[in-house]
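Commentary on secondary and tertiary structure
Read off the chains here:
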Amino acid sequence: MDVIKNFKEKAASDLKTIVFAEGEDERIIKAAAKIEAEKIAKIIILADTESIKNDAKKYGVDLSGIKIIDPETSDYVSEFTDEFYELRKHKGISKEDAEKAIKDPMYFGTMMIYTGKADGMVAGAANPTGNVLRPAFQIVKTAEGISTVSSAIIMVLKDKSFGEEGVLVVSDCAVNPEPNSEQLAEIAIATADTTERLLDFEPRVAMLSFSTMGSAKHENVDNVRNAVEIAHENAPNLKIDGEMQVDAALVESVGSRKAPDSKIAGKANVLIFPDLQSGNIGYKLVQRLAGAAAVGPILQGLAAPINDLSRGCSIDDIINLTAITAVQAQSE
Ligand SMILES: CC(C)(COP(=O)(O)OP(=O)(O)OC[C@H]1O[C@@H](n2cnc3c(N)ncnc32)[C@H](O)[C@@H]1OP(=O)(O)O)[C@@H](O)C(=O)NCCC(=O)NCCS
Ligand SMILES: CC(=O)OP(=O)(O)O
């Protein structure tokens, strides 16, 4: 199963327009040129037109065929300012502040998606996650029936014995610092849904903790146990179990010893971390120490495909997340 190749091929089968909001970043410029050359998506880059031309020359990159828009001078500024003012006036924003916000490429790009001028956005190579999330929450907002937006990362491991032939979907590694039980349950259900939509396998979800099936007592463990109960109630057909430690979730011999009655232990292909500290640290440990590809964070629960990158991303990470964003946009 070559999931990354599959995403690129699927994206190429019906080209979508994806906005890159960080045209000042070398990796973004190089990724845009590669995506255009490989025909994975149509790219719009937000940048100062003169600067990006000079940068492209400096990097030896051909940006012909890629649309460049400068949010400072674009004809869209007035339309986007009016739209944003309408969306946020109940929060007390002034027209002046709305225009200032719109000239920020993160807001401008998000408004392009909201107004249908592009199909999806990828950002976060040069901005912390909060800068990607805030405009998304304020402008495109959540999809119907969703209260907590979260994120999933598709991890492609070198060792194919774990997860689904070496593929693991992990969450939440980017959005919710301290989810309560209801939020954890929603994150688990959303991640299973993302897995079903984007990958060709049935999710088997492990709710992670430092305890396995009551082996330790602590309020943090209770939070995870309660989340499992809520997820069972809200998604009775979902294959989900916990709380369990990550070795019990991933390794058959440990799972059968620590959680002999569990149908998920030892076989999990979706891992839900109990909080953002463990999630963000956990995925980066696997990425860096095990040399796994980490595609994401893929935001789940937003009303439009807007995805975040880590500032530590490579050009390939940008290309892979763009392919996924384009695939998400195909089903919008
Ligand atoms: C997402 C985040 C930026 C929001 O923080 P904030 O600006 O303090 O946000 P607030 O709590 O004031 O909420 C701002 C808006 O977003 C909404 N919101 C916040 N979290 C949300 C979530 N998980 N899902 C849906 N909406 C959310 C709020 O309802 C609010 O909407 P409103 O302005 O229309 O009323 C914050 O949770 C955060 O920083 N998360 C961690 C990001 C991070 O650093 N990750 C690690 C690296 S990947
Ligand atoms: C996802 C993530 O951790 O982003 P960053 O590395 O940019 O903080």
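For the structure itself, consult the block above.
A quick note: this is a predicted structure, and the numbers were derived from the prediction, not measured.

**Here's the deal with the site of ligand 2**
All residues in the neighbourhood of ligand 2 are listed as Thr129, Asn280, Tyr283, Lys284, Pro297, Ser310 and Arg311. Here an oxygen atom of ligand 2 and a side-chain polar atom of Asn280 are 2.9 Å apart. The contact in question runs from an oxygen atom of ligand 2 to an N or O atom on the side chain of Arg311, over 2.8 Å. Compared with its free state, where it exposes 260 Å², ligand 2 has 88% of that area covered by protein. The element best represented in the shell around ligand 2 is helix H12 (residues 276-289), accounting for three residues. Counted by class, the shell around ligand 2 contains two nonpolar, three polar and two charged residues.

**Observations concerning the layout of surface pockets**
Taken as a whole, the largest pocket encloses approximately 600 Å³ of empty space. Every residue lining the largest pocket is counted, 25 residues in all, and those nearest its centre are Asp193, Thr194, Arg197, Gln300 and Gly301. If you list the elements that add at least two residues to the lining of the largest pocket, you get helix H8 (181-198), strand E10 (293-300), strand E11 (306-308) and helix H13 (315-330). Counting residues per element, the lining of the largest pocket draws most heavily on H8, which supplies seven residues. A per-class count over the lining of the largest pocket returns twelve nonpolar, seven polar and six charged.

**Points about the site of ligand 1**
By nearness alone, 17 residues border ligand 1, and Arg88, Lys91, Thr129, Val149 and Ala174 come closest of all. Between Arg88 and ligand 1, the recorded distance is 2.9 Å, taken from a side-chain N or O atom to an oxygen atom. Take Val175: an N or O atom from its main chain is 2.9 Å from a nitrogen atom of ligand 1. In isolation ligand 1 has 940 Å² of accessible area, and contact with the protein removes 59% of it. Contributions of two or more residues to the shell around ligand 1 are made by helix H7 (129-140) and H12. Element by element, the count of residues in the shell around ligand 1 is highest for H7, at five residues. For the shell around ligand 1, the residue count by class is seven nonpolar, seven polar and three charged.

**Let's talk about the nonpolar core**
By size, the foremost hydrophobic cluster in this structure holds 60 residues, and its most contacted members are Ile154 and Met207. Not counting residues up to four positions away in its chain, the partners in contact with Ile154 are Phe7, Val167, Leu168, Leu198, Leu199, Ala293, Ala294, Val295, Ile298 and Ile324. Grouped together as the second largest cluster of nonpolar side chains are 33 residues, Phe108, Ile139, Leu299 and Ile306 included.

**Section: the sheet that holds strand E4 (residues 120-123)**
Pairing within the open sheet is parallel, and its five strands lie in the order E3-E2-E1-E4-E11. Each end of this open sheet is capped by a strand with a single partner; those strands are strand E3 (67-69) and E11. For this sheet, the mean angle separating the axes of adjacent strands, direction not counted, is 25°. Each of E4 and E11 is contacted by H7, which is oriented at about 165° to E11, the strand it contacts most.

**Observations regarding the packing of aromatic side chains**
Scanning all chains against the criterion turns up four aromatic pairs. Ring plane angle 20° and centroid distance 5.3 Å describe the contact between Tyr76 and Phe80, whose orientation is recorded as stacked. Pair noted here: Tyr76 and Phe80 are both in helix H4 (residues 76-88), with a separation of four residues, about one helical turn. Overall, Tyr76 belongs to the partly exposed group, its relative accessible area being 24%. Here Phe84 and Tyr107 contribute two aromatic rings whose centre-to-centre distance is 5.4 Å and whose plane-to-plane angle is 70°, an arrangement assigned as edge-to-face. One end of the pair, Phe84, is in helix H4; the other, Tyr107, is in helix H6 (residues 105-114), with 23 residues separating them in the sequence. Its relative accessible area of 13% is what places Tyr107 among the buried residues. Cation over ring: Lys117 sits above Tyr76, and NZ or CZ is 5.1 Å from the ring centre.

**Looking at the pattern of salt bridges**
Taken as a whole, this structure holds 16 salt bridges when the rule is applied. Residue Lys95 pairs with Asp82 through a salt bridge whose shortest N-O separation is 3.2 Å. With Lys95 in helix H5 (residues 95-102) and Asp82 in helix H4, this pair connects stretches of sequence that are 13 residues apart. Since its relative accessible area comes to 41%, Lys95 is described here as partly exposed. Note on Asp82: relative accessible area 38%, which makes it partly exposed.

The rules behind the values
- Residues numbered from 1 in each chain as written.
- Chains lettered and ligands numbered in written order.
- Predicted model: local features only at pLDDT ≥ 70, side-chain atom pairs only at ≥ 80, totals over all residues.
- Heavy atoms only, no water.
- Near = heavy atom within 4 Å.
- Polar contact = N/O pair within 3.5 Å; in protein donor to acceptor, adjacent residues only side chain to side chain.
- Areas by Shrake-Rupley, 256 points an atom, 1.4 Å probe, with all protein chains shown as cover.
- Helix = DSSP H or I, 4+ residues; strand = E, 2+ residues; numbered from the N terminus.
- Nonpolar A, V, L, I, M, F, W, Y, C, P; charged D, E, K, R; others polar.
- 1 Å grid on protein atoms, 1.4 Å probe; cavity = no way out; pocket = protein on both sides within 12 Å on 5 of 7 lines; lining within 4 Å.
- Points joined across faces, edges and corners; volume = space filled by probe spheres on them.
- Core = buried A, V, L, I, M, F, W, Y, C linked by side-chain atoms within 4.5 Å.
- Buried < 20%, exposed > 50% of the residue type's maximum accessible area, 1.4 Å probe, protein only.
- Contact = heavy atoms within 4.5 Å.
- Pairing = 2+ DSSP bridges.
- Axes fitted to C-alpha atoms, helices over the stretch in contact; angles between N-to-C directions.
- Phe/Tyr/Trp six-rings, centres within 6.5 Å; stacked < 30°, edge-to-face > 60°.
- Lys NZ or Arg CZ within 6 Å of the ring centre and 35° of its normal.
- Salt bridge = Lys/Arg side-chain N within 4 Å of Asp/Glu carboxyl O.

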